[in-house]
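Chain and residue survey
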Amino acid sequence: MSQDRKLRWGILGSASIAVRSVIPGIQQSSMNEVTALASRTLEKAEQTATELGIPKPYGSYEELLADESIDAVYIPLPNHLHYEWTLRAAEAGKHILCEKPLALNAAQAEEMAAAASKAGVHLAEAFMYRHHPRYTQIQDIIASGEIGDIRGIHSTFTFNSSGSDSNVRFHKDWGGGSLYDIGCYSISAARMILGKEPTAATVIAMFSPKHGDVDMMASGLLEFDDHIGVTFDSGMWAAFRNTLEVLGTEGTIEVPSAYVSPGDERSNFFVHVGDQRREVQVASSNQYSAQADDFARTVLNGDKALYGAEDAVLNMRVLEACLKSAETRQRITL
C-alpha cells in the first residue's frame, strides 16, 4: 500500500457530533480525508459540505453508498438507525465507524458484526476517548504495580439537557436515555481497564415522563471477577461531570476529564500513592484524529484493530443488561 494513500471517508448525516468533532478530527488526521457527505436533502448536504470543505454533497445516504470512490463511512445517525445503515454500508463494501452505542441490543450488534465480517469490511464503535494516548499511560501505570492491585473503579458522565424541547435522546424507541448515550462510556472504560467482562449488573434509574420516559439519571454497579466492583453515574438531568477513578491497594489514579479531552493540560491526570500526589503530563492530542488514524491503519495497513466489532458486541451485552436491570429493578447476571 502506498505510504501517501489516504482512507477516503463519506459521512452519513450532519449530526452535531459529526460537524463539531468527528469530521474536523478526520480532516486533521494523518491518514484520512473526508470526500463526501450525505444528508436527507441536497440543500442541507451542500450547506454543510461547503462549511466544512467537503468536495461531494449527496442528497441521500443511498447515493453516497453507491459512490465507489469512498472507502469508509462514519454513521452519526440517531441510535435506532445504526443497525439499518451499518448493514447497508457493509453490503455496499464500505468500512464502518458507527457512533456509540453500536445498536439497540446485543442481537442487533451481533448481526451487524456478522454482516461486516461477511462483507470483509472493518466495523468499529466510535468511542474516541480510548484512542487518546493518556489511556496507554494509565494502563502502563496500572501494569507497573505502582497503585497495587485494583480494588474498584468509579466513573461519572453527567450533564443537564433537561430543558431541551426537541432532543433525539428523549425518544425511548430511538434508543434515548442516559445509559445509551453516556453510560456506555463507563461500561467501555471499565472493560478496557480491567481487560475482562462483568458477571452481573445492577442499576437504578430515574425514568422521566417529561422526557419521553427515558432514563434521565442512572447509577449502576458492575460486578467483575476477583471481587471488583465498578460503580458509575450517567445522567442527562444533573450537573456536568466526566471523571474516572481507579482505586488500588497502594494508590489511586484520578482522571478529572475522562471522556472529554480538551487537548490541553485539562487532559492530564493524577496518581496518588501514600502522601504523594503527582500530575502526569499528557501530550496534546485530538482523540478524534487518533481514532481515525487507528481505523485507517487497520484498513490500509492491515494492522490488528485496537477495538473491533467483537468489542462492540460485548459492550452492548453489558449495556443491555444495565437497561434491563434499571427497568426491572433487579440484578442481572451476564
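Structure: see above.
Please read these numbers as outputs of a predicted model, since none were measured by experiment.

To continue, consider the overall build of the chain. When its secondary structure is counted, the chain shows nine helices and 15 strands. Here the C-alpha atoms of the chain give a radius of gyration of 20 Å, agreeing with the 20 Å that 2.2 N^0.38 yields for 334 residues. Projected onto the principal axes, the alpha-carbon positions of the chain cover approximately 55 × 50 × 40 Å. Residue burial in the chain is summarised as follows: out of 334 residues, 56% are buried. Taking the contacts inside the chain whose residues are at least 6 apart along the sequence as the reference set, 67% of them involve residues at least 24 apart. The averaged location of the 43 negative side-chain charges in the chain is 1 Å from the averaged location of its 29 positive side-chain charges.

As a further point, take unusual backbone geometry. In this model, Lys 100 is joined to Pro 101 through a cis peptide bond whose omega is -15°. Assignment of secondary structure puts Pro 101 in the loop between β5 (95–98) and α5 (106–119). Of note, Asp 226 is a non-glycine position whose phi angle comes to about 65°, a positive value. For Asp 226, a relative accessible area of 55% corresponds to the exposed category. In this structure, His 227 is a non-glycine residue whose phi angle is positive, near 60°.

Right, let's talk about the pairing of strand β2 (residues 32–38) for a bit. Buried residues dominate β2, accounting for six of its seven residues. Since strand β1 (residues 7–12) and β2 lie parallel, the crossover through helix α1 (residues 16–27) that links them has a hand, and here it is right-handed. A crossover connection joins β2 to the parallel strand β3 (residues 56–58) through helix α2 (residues 42–52); in handedness this β-α-β unit is right-handed.

Definitions and cut-offs
- Think of each chain on its own: its residues are numbered from 1, step by step along the sequence as written.
- Only residues with pLDDT of at least 70 are given local features in this predicted model, and only at 80 or more are side-chain atom pairs given and counted; all residues enter the totals for whole chains, interfaces and linings.
- Only heavy atoms go into the side-chain values, all of them from the structure, while hydrogens and water stay out.
- Numbering of helices and strands runs from the N terminus; a helix is a DSSP stretch of H or I covering at least four residues, while a strand is a stretch of E covering at least two.
- Both definitions apply: the radius of gyration is a C-alpha atom measure, and the globule rule equals 2.2 Å times residues to the power 0.38.
- Accessible area is worked out with a 1.4 Å probe on protein chains only. A residue is then buried under 20% of its type maximum, exposed over 50%, and partly exposed in between.
- What makes two residues a contact is simply this: any of their non-hydrogen atoms within 4.5 Å.
- For the purpose of charge, His is not counted, nor are the chain termini; Lys and Arg are scored as positive and Asp and Glu as negative.
- Taken as the charge location is NZ of Lys, CZ of Arg, CG of Asp or CD of Glu.
- If the strands point away from the viewer and the path from the first strand over the helix to the second runs clockwise, then the crossover is right-handed.

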